[in-house]
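Architecture at a glance
Chain residues, written in single-letter form:
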Amino acid sequence: MIVQAFLRWAETARVADRAKAANALGRAYLHSPMAGEQHRAAALAMTYLLDDPSPRVRLALAEALADSPDAPRAVIVSLAEDQPEIACTVITRSPVLTESDLVDLAGRGDNLTRGLIAARPLLSRGVAAAIAEIGDEAEVAILLENETASITRVSLRRIAERFGDRSDIRNLLLEQENLPADARHMLVSHITAALANSGLVRTIMAPARIDRVTREAGEAATVAIAGTVSQEEIAGLVEHLRTAGRLTPAFLIHALCTGKVDFFAGAMVSLSGLDDRRVRAILATGRMHAVRALFEATGLGRDIAVVFVEAVLLWRKAAASGVPGGISARLLERYHRPGMPLSPVSELLDMVEKLHRMEVRFSARSYASDLFLAA
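Residues numbered from 1 in each chain as written. Predicted model: local features only at pLDDT ≥ 70, side-chain atom pairs only at ≥ 80, totals over all residues. Heavy atoms only, no water.

1. A short note on the environment of Leu 116
The residue Leu 116 is located in helix 8 (residues 111-118) in this model. With 29 residues separating them along the chain, Leu 116 and Ala 87 place their C-alpha atoms 8.6 Å apart. Setting aside anything within four residues of it in sequence, one finds Leu 116 in contact with Pro 84, Ala 87, Cys 88, Ile 91 and Thr 92. (Helix = DSSP H or I, 4+ residues; strand = E, 2+ residues; numbered from the N terminus. Contact = heavy atoms within 4.5 Å.)

2. Focus on the nonpolar core
Counting residues in hydrophobic clusters, the biggest one holds 58 residues, and the most contacted among them are Ile 117, Leu 143, Leu 144 and Leu 173. In contact with Leu 144, not counting residues within four places along its chain, are Ile 151, Leu 156, Ile 159, Ile 169, Leu 172, Leu 173 and Gln 176. By size, the runner-up hydrophobic cluster in this structure holds 47 residues, among which are Leu 247, Ile 253, Ile 304 and Ala 311. (Core = buried A, V, L, I, M, F, W, Y, C linked by side-chain atoms within 4.5 Å. Buried < 20%, exposed > 50% of the residue type's maximum accessible area, 1.4 Å probe, protein only.)

3. Things to note about the pattern of salt bridges
This model, assessed by the stated rule, comprises 19 salt bridges. Arg 58 is the partner of Asp 82 in a salt bridge, and the nearest nitrogen-oxygen pair spans 2.6 Å. With Asp 82 in the loop between helix 5 (73-79) and helix 6 (84-91) and Arg 58 in helix 4 (residues 55-65), the pair connects residues that are 24 residues apart, well separated along the chain. Two residues, Arg 302 and Glu 296, come together in a salt bridge whose shortest N-O distance is 2.8 Å. (Salt bridge = Lys/Arg side-chain N within 4 Å of Asp/Glu carboxyl O.)

4. Side note on helix 10 (residues 137-145)
For helix 10, the full list of buried residues reads Glu 139, Val 140, Ala 141, Leu 143 and Leu 144. Where the residues of helix 10 are buried, they touch helix 8, helix 9 (125-134), helix 11 (153-163) and helix 12 (167-174).

Structural data, given as structure tokens:
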């Protein structure tokens, strides 16, 4: 009877009074002891208020119910699809909304709805994945800024695929500790492309030099990524680079000469099709002919394979002596000759020479820095 009287009163009451009554009804439903019939009647009354012509009334109801896990689900779901201010109150706070509800809202809703969902505290993996897949740049940025959201590596990779060319998204992705190595490489590729297309760079550098500098910078960054990747990620990064056509002899010799042996072994596994344990055993202790056969199994020509064999033997000596480095210099001493005719081997040694020059410059900077510190 009380609820029936409330409904009759609501037909003629002022908006301000109806809003106060809606808020009081919601709090009474959650916190006042009610018999079963009264409880059901109160739920029906709140359902009736969903059609109130004033958004102030519906907002007052949303504010009363938003934080409670005991709020009526049908009312909460309807409020989540209401006007933005009302929907915001429920979407960002209500524990009644399930992962399925939020994914459905993200799929059917507009940009604002997805943005509200992306900002929700403790956002689940499934909902984050939905935003990563269908969200626009602004919504994805909100998701990445949500420090309590659970975002999987797969979702981060998908975001890198979709928005890696946007600088704001790149910066937010690079702050993610669990960003996969292959996604980092995608971002490196976008950064080098952005540099190559920069008006300033195009003004001060010739096109050929831009291509060379950005290529070498991208390769150096990729090698650096390969050196920090976890054992579990190596196979994924190798496959990503292989698919992208980046596992070139020059890149591989760069990785080997700079001591990225775990990554190099993973590349050999991918390219040769041999078992991981077998490849690592050959690289670590195999005889020269076995090492050469491994490289030829990856598709390297015999003349190039010989250089790789020598690099592996030099790496073994360096590892045994406890003094890593110097591989590029020793390779040049053995194989590089001024005026060598253009060939796959000469191109490979050109890469080794560039690497050696980089090492020399780094050593010079370190030496100068030590002198300044000692002064």
